[in-house]
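An overview of the molecular structure
The lines below spell out each chain.
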Amino acid sequence: MEAQPVKLVFRKYDGSLHWHLEARYLGEDEYGHWLGCRPGTVGRRGHEVEVVWEQAFVTLIPRSAWWIATFNDETQSTRVYCDVTTVPVWNGAEVTAIDLDLDVIRLDDGRVELVDQDEFAEHQVRYGYPPEIIAGAETSAAWLLDALRSGRGPFGGGHEPWLRQVAALPEPI
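These lines cover the structure that appears in this document, whether it is placed above or below. Here the structure is a predicted model, which is why all the values come from computation and not from measurement.

On to the nonpolar core. Judged by nonpolar contacts, the single largest core of 34 residues is most densely connected at Val58, Phe71, Cys82, Val104, Leu144, Leu148 and Phe155. Listed by contribution, the elements that provide at least two residues to this core are β6 (57–61), β7 (67–72), β8 (78–85), β10 (94–107), α2 (131–150) and α3 (160–165). At 8 residues, the largest contribution of residues to this core is made by α2. Once residues lying within four places of it in the same chain are set aside, the contact partners of Leu144 are Trp67, Cys82, Val84, Val104 and Phe155.

Moving on, we get to the side chain of Asn72. Assignment of secondary structure puts Asn72 in strand β7. With relative accessibility at 12%, the residue Asn72 sits in the buried group. In contact with Asn72, other than residues within four places in its own chain, are Gln55, Ala56, Phe57, Thr78, Arg79 and Leu163.

Reading the values: the criteria
Residues numbered from 1 in each chain as written. Predicted model: local features only at pLDDT ≥ 70, side-chain atom pairs only at ≥ 80, totals over all residues. Heavy atoms only, no water. Core = buried A, V, L, I, M, F, W, Y, C linked by side-chain atoms within 4.5 Å. Buried < 20%, exposed > 50% of the residue type's maximum accessible area, 1.4 Å probe, protein only. Helix = DSSP H or I, 4+ residues; strand = E, 2+ residues; numbered from the N terminus. Contact = heavy atoms within 4.5 Å.

Set out below in structure tokens:
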């Protein structure tokens, strides 16, 4: 069965379009839904010029967590990139989440870092994040830092079988 296309859409808190791309649905496991992208996949931030990703990657959409994780192939120095978001919402073949600025990354040397705290602070003011959004984002970021450092859940290699499937996907959408 051919992997069906899925549109992944990140928005900012004011509803404006942020990163968006089309991926292929790979399947579901205990961690959530997995999307795959071959090298050559095209995405765009808002209405900016398209970006072409040269690496294969898979994206995990958890069922009820405040994050979305992307796992890059071994060619990339950033192996895992977790966007702190609102809980992703599925609407048919589209999944949308509000990007809350904080990101947690794991580099190829094993370091785990929290990034974009300055953007998070700025957007709390610009977009008027309510206290529950701030608390949810901070709680999610803390959980992700611990999970990536300890290799807990999908961050202990759970992405590997999914990433191996990407080579068999049809050409990028």
